[in-house]
Amino acid sequence: MTSLDSVLPGARSTTTPDRIFSVIKEAIVEGDILAGSKISEPELARAYGISRGTLREAIGRLQACRAWWSGVRMWAHASSPSAVVS
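Computed from a predicted model, the values in this text were never measured in an experiment.

Colleague: Explain the overall build of the protein to me, please; I cannot follow it from the model alone.
Modeller: A count of helical and extended segments in the protein gives 4 helices and 3 strands. Looking at the protein as a whole, 38% of its 86 residues are labelled buried. In the structure as shown, the protein presents an accessible area of about 5000 Å², 53% of it carried by carbon and sulfur atoms.

Listed below in structure tokens is the structure:
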């Protein structure tokens, strides 16, 4: 994972959940996060240096565009890039 500032420099006018949404969506589309991969929400929040609440806001948006689905016990899965709706 990379820092948010290096991925979206100058994006200070957006909220942190907006920035995380963009970073994760791009990672899914580019194949950096593989479809069906099991992802730990606490680990992802730590990797980006954000709270789990902030991550959950971004995940809500990812779920709305079918890029993400949540499993049980704080695990989530990325959808296939072709399933992602802009």
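Colleague: Can you walk me through the packing of helix 3 (residues 41–48) against helix 4 (residues 52–64) in this structure?
Modeller: Two quantities define a packed helix pair, namely the angle between the helix axes and the distance between the axes. In the contact formed by helix 3 and helix 4, the axes pass within 9 Å of each other and the chain directions differ by 105°. Here helix 4 runs roughly perpendicular to helix 3, going by the angle between their axes. Residues Glu41, Pro42, Leu44 and Ala45 of helix 3 form the contact with helix 4, whose own contacting residues are Arg52, Leu55, Arg56 and Ile59. Classifying every residue of the contact of helix 3 with helix 4 gives 5 nonpolar, no polar and 3 charged.

Colleague: What is the right way to read the nonpolar core from this model?
Modeller: The tendency in soluble globular proteins is for nonpolar side chains to be buried as a group. Within the largest apolar cluster, 19 residues are counted, with the highest numbers of intra-cluster contacts made by Ile20, Ile24, Leu44, Tyr48, Leu55 and Trp68. Only helix 2 (16–30), helix 3 and helix 4 provide two or more residues apiece to this core. Per-element accounting of this core gives the leading share, 6 residues, to helix 2.

Definitions and cut-offs
Residues numbered from 1 in each chain as written. Predicted model: local features only at pLDDT ≥ 70, side-chain atom pairs only at ≥ 80, totals over all residues. Heavy atoms only, no water. Helix = DSSP H or I, 4+ residues; strand = E, 2+ residues; numbered from the N terminus. Buried < 20%, exposed > 50% of the residue type's maximum accessible area, 1.4 Å probe, protein only. Areas by Shrake-Rupley, 256 points an atom, 1.4 Å probe, with all protein chains shown as cover. Axes fitted to C-alpha atoms, helices over the stretch in contact; angles between N-to-C directions. Parallel < 35°, antiparallel > 145°, perpendicular 65-115°, else oblique. Contact = heavy atoms within 4.5 Å. Nonpolar A, V, L, I, M, F, W, Y, C, P; charged D, E, K, R; others polar. Core = buried A, V, L, I, M, F, W, Y, C linked by side-chain atoms within 4.5 Å.

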